[in-house]
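What follows is each chain in one-letter form.
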Amino acid sequence: MVATDYYAVLGVRRDAGQDEIKKAFRRLARELHPDVNPDPKTQERFKEINAAYEVLSDPQKRQVYDLGGDPLSPNGGGAGGFGAGAAGFGFSDIMDAFFGAASGQRGPRSRTRRGQDAMIRLEITLEEAAFGTTKELQVDTAVTCTTCSGEGAAPGTSAQTCDMCRGKGEVSQVTRSFLGQVMTSRPCPQCQGFGTVVPTPCPECAGDGRVRARRTLTVKIPAGVDNGTRIQLAGEGEVGPGGGPAGDLYVEIAETSHPTFQRRGDDLHCTVTIPMTAASLGTQVPLQTLDGLEEVDIRPGTQSGQSIPLHGRGVTHLRGGGRGDLIVHVEVQTPTKLDPEMEDLLRRLAVLRGEERPSGHFAPGQQGLFSRLKDAFNGR
Ligand SMILES: [Zn+2]
Ligand SMILES: [Zn+2]
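Quick caveat: nothing in here was measured; it's all calculated off a predicted structure.

J.: Can you explain the UniProt feature "binding site: Zn(2+) 2" (unreviewed entry) in the protein? Please cite residues and give values.
T.: As recorded in UniProt, the sites labelled "binding site: Zn(2+) 2" (unreviewed entry) are Cys162, Cys165, Cys188 and Cys191. The largest pairwise C-alpha distance within this set of annotated residues, which runs over 30 residues, is 9.0 Å, so the set is compact in three dimensions. Within the secondary structure layout, Cys162 lies in the loop between β3 (160-161) and β4 (170-177). Overall, the relative accessible area of 1% leaves Cys162 in the buried class. The contact partners of Cys162, leaving out residues within four places of it in the chain, are Gly167, Cys188, Gln190, Cys191, Gly195, Thr196 and Val197. Tracing the chain through its elements places Cys165 in the loop between β3 and β4. By relative accessible area, Cys165 is classed as buried at 2%. Residues in contact with Cys165, not counting those within four places in the same chain, are Glu170, Val171, Cys188, Cys191 and Gly195.

Now the structure itself:
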């Protein structure tokens with residue numbers, strides 16, 4: 001059990017989203033940062049909010065905590081271990097991200113850092129999005145240099161303590177001003193703050209510890225993905241400098257347009273144009289759906305603008321299973337270019353139906369357009 005209420009420490013509700021947690025943490029971190037406020041009590045608080053953020057910002061740790069466990073204690077190095085730098089994704093990275101690399105640090109900075117996330121766009125067809133697929137991806141990312149194992153030093157040599165800063169990573173300078181003597185420290189210019197220098201850089205990676213390489217990854221695309229869906233592949237991103245742990249790779253889905261169907265959510269829409277006679281008498285029209293050829297049943301007396309749903313013929317729901325619908329919108333075509341015989345037939349029909357001089361039915365707006373707009377607003 002953990003005694004500390006991490007939610008209370010950050011001042012967020014138990015159901016707070018990641019954004020809310022991040023915002024609360026940033027605000028407090030700026031307020032309580034040791035550089036701003038060196039008072040020991042404040043620093044205690046600062047450690048607390050960092051612990052709270054470490055747990056609540058990580059869905060897995062948060063779950064452990066919500067279930068009453070202590071995600072910081074068993075094998076993660078303990079709550080006191082912040083800033084040790086070796087954890088890769090730890091405290092120092094977060095502080096770097098907010099305050100810039102130099103400000104929050106004491107002592108030499110590590111050459112080993114977590115790599116960046118990478119993103120790759122993947123075009124797939126509507127069919128692939130609807131049913132899921134497996135794709136081979138060519139990715140071009142930084143990987144650990146095998147010649148130096150990420151150390152950056154040429155084989156047989158090693159990094160040496162910097163003689164300018166004696167390994168501290170920073171140099172101090174005393175200047176006189178009208179306020180008296182002022183001591184400033186800045187990152188060591190000879191070692192860039194690392195505390196060590198590499199006299200003979202690895203010839204393969206020029207001392208960076210990583211090289212670019214092309215790999216082939218097999219990615220499983222689940223059914224129901226949409227334009228902009230991102231699939232996270234943990235640890236498949238860029239390897240960090242100095243052989244640091246790799247970031248994540250995100251595969252962003254781009255769905256190519258389909259010649260017949262337009263996707264809205266998990267429903268598919270299309271328009272079928274049929275002649276007036278068929279709309280009146282009823283007919284069946286073949287339609288190539290995602291599941292194969294099917295007959296769309298146009299019932300006698302179908303109106304222009306009417307829609308015919310084919311249930312369960314849309315895209316698979318990404319969560320929860322089941323599928324959306326395929327909705328066929330009917331457009332009735334009025335015959336043009338009538339020859340004398342056709343015209344005669346239609347006139348006789350008009351007489352039979354008492355429609356030689358129809359009065360028409362007036363209503364506000366355009367009914368067909370309205371219903372289509374309503375569809376668009378409802379999103380499906
Ligand atoms: Zn190398
Ligand atoms: Zn130095």
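J.: For the pattern of salt bridges, give the residues involved together with the corresponding values.
T.: Summed over all chains, the structure comprises 20 salt bridges. For Asp248, the salt bridge is made with Arg114, and the minimal N-O distance between the two is 3.8 Å. Taken together, the positions of Asp248 in the loop between β8 (230-233) and β9 (249-255) and Arg114 in the loop between α5 (91-99) and β1 (118-124) put the pair 134 residues apart, joining distant regions of the chain. Among the residues examined, Asp248 registers a relative accessible area of 12% and is labelled buried. A salt bridge links Arg215 to Glu236, with the shortest nitrogen-to-oxygen separation between them at 2.8 Å. Of this pair, Arg215 sits in strand β7 (residues 210-221) while Glu236 sits in the loop between β8 and β9, placing them 21 residues apart in sequence. The class for Arg215 is partly exposed, based on a relative accessible area of 23%. The network of salt bridges with common partners includes Asp226, Glu255, Arg263 and Asp266.

About the criteria used
- Residues numbered from 1 in each chain as written.
- Chains lettered and ligands numbered in written order.
- Predicted model: local features only at pLDDT ≥ 70, side-chain atom pairs only at ≥ 80, totals over all residues.
- Heavy atoms only, no water.
- UniProt positions renumbered as here; feature names shortened; annotations may be inferred.
- Helix = DSSP H or I, 4+ residues; strand = E, 2+ residues; numbered from the N terminus.
- Buried < 20%, exposed > 50% of the residue type's maximum accessible area, 1.4 Å probe, protein only.
- Contact = heavy atoms within 4.5 Å.
- Salt bridge = Lys/Arg side-chain N within 4 Å of Asp/Glu carboxyl O.

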